[in-house]
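Each chain, written out:
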Amino acid sequence: MFQLWGKEFKDNRLLKDIVIEEDDPSKSRTAKVFHAVTEICMAFDLAEPIWLDSNIKEFQRRDKTRFTQDNFIESIEFDYLEIHVIEE
């Protein structure tokens, strides 16, 4: 089972968090990640972030990345959104 943990932070304090689980073995890992990010954004009422090269490299290296204001078109009321793979 694939699990992605989404966390919203402001001033180094956790505001919201959610764990999204994906069971479909026919989906690729990338598809599972994108689907989970979409679910996190729907739960937090956010526009989806734009994946920059730095996010992609960090996620590939550490299974974790942070989306800051630079990743969003709209203004955000928190410092960053962090996603982290907790189980594959």
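Everything below is about the structure shown above.
Computed from a prediction, not measured in an experiment: that's the story for all the values here.

Got a minute to help me understand the nonpolar core in this structure?
The tendency in soluble globular proteins is for nonpolar side chains to be buried side by side. Ranked by size, the top nonpolar core spans 17 residues in total, and within it Leu4, Val37, Ile40, Phe59, Phe72, Leu81 and Ile83 carry the most contacts. Top element by residues in this core is helix H1 (residues 29-44). It accounts for 6 residues. Apart from residues no more than four positions distant in its own chain, Ile40 is found in contact with Leu4, Trp5, Gly6, Ile18, Ile20, Leu81 and Ile83.

Would you mind going over the layout of surface pockets with me for this structure?
One simple way to see leftover space: roll a probe sized like a water molecule over the atoms. Here the largest pocket defines a volume of roughly 190 Å³. Taken together, Arg29, Thr30, Val33, Phe34, Trp51, Ile56, Phe59 and Gln60 make up the full set of residues lining the largest pocket. The set of elements that each furnish at least two residues to the lining of the largest pocket consists of H1 and helix H2 (53-62). When residues in the lining of the largest pocket are grouped by element, the largest group, 4 residues, is from H1. When its residues are assigned to classes, the lining of the largest pocket shows 5 nonpolar, 2 polar and 1 charged.

How each quantity is defined
- Residues numbered from 1 in each chain as written.
- Predicted model: local features only at pLDDT ≥ 70, side-chain atom pairs only at ≥ 80, totals over all residues.
- Heavy atoms only, no water.
- Core = buried A, V, L, I, M, F, W, Y, C linked by side-chain atoms within 4.5 Å.
- Buried < 20%, exposed > 50% of the residue type's maximum accessible area, 1.4 Å probe, protein only.
- Helix = DSSP H or I, 4+ residues; strand = E, 2+ residues; numbered from the N terminus.
- Contact = heavy atoms within 4.5 Å.
- 1 Å grid on protein atoms, 1.4 Å probe; cavity = no way out; pocket = protein on both sides within 12 Å on 5 of 7 lines; lining within 4 Å.
- Points joined across faces, edges and corners; volume = space filled by probe spheres on them.
- Nonpolar A, V, L, I, M, F, W, Y, C, P; charged D, E, K, R; others polar.

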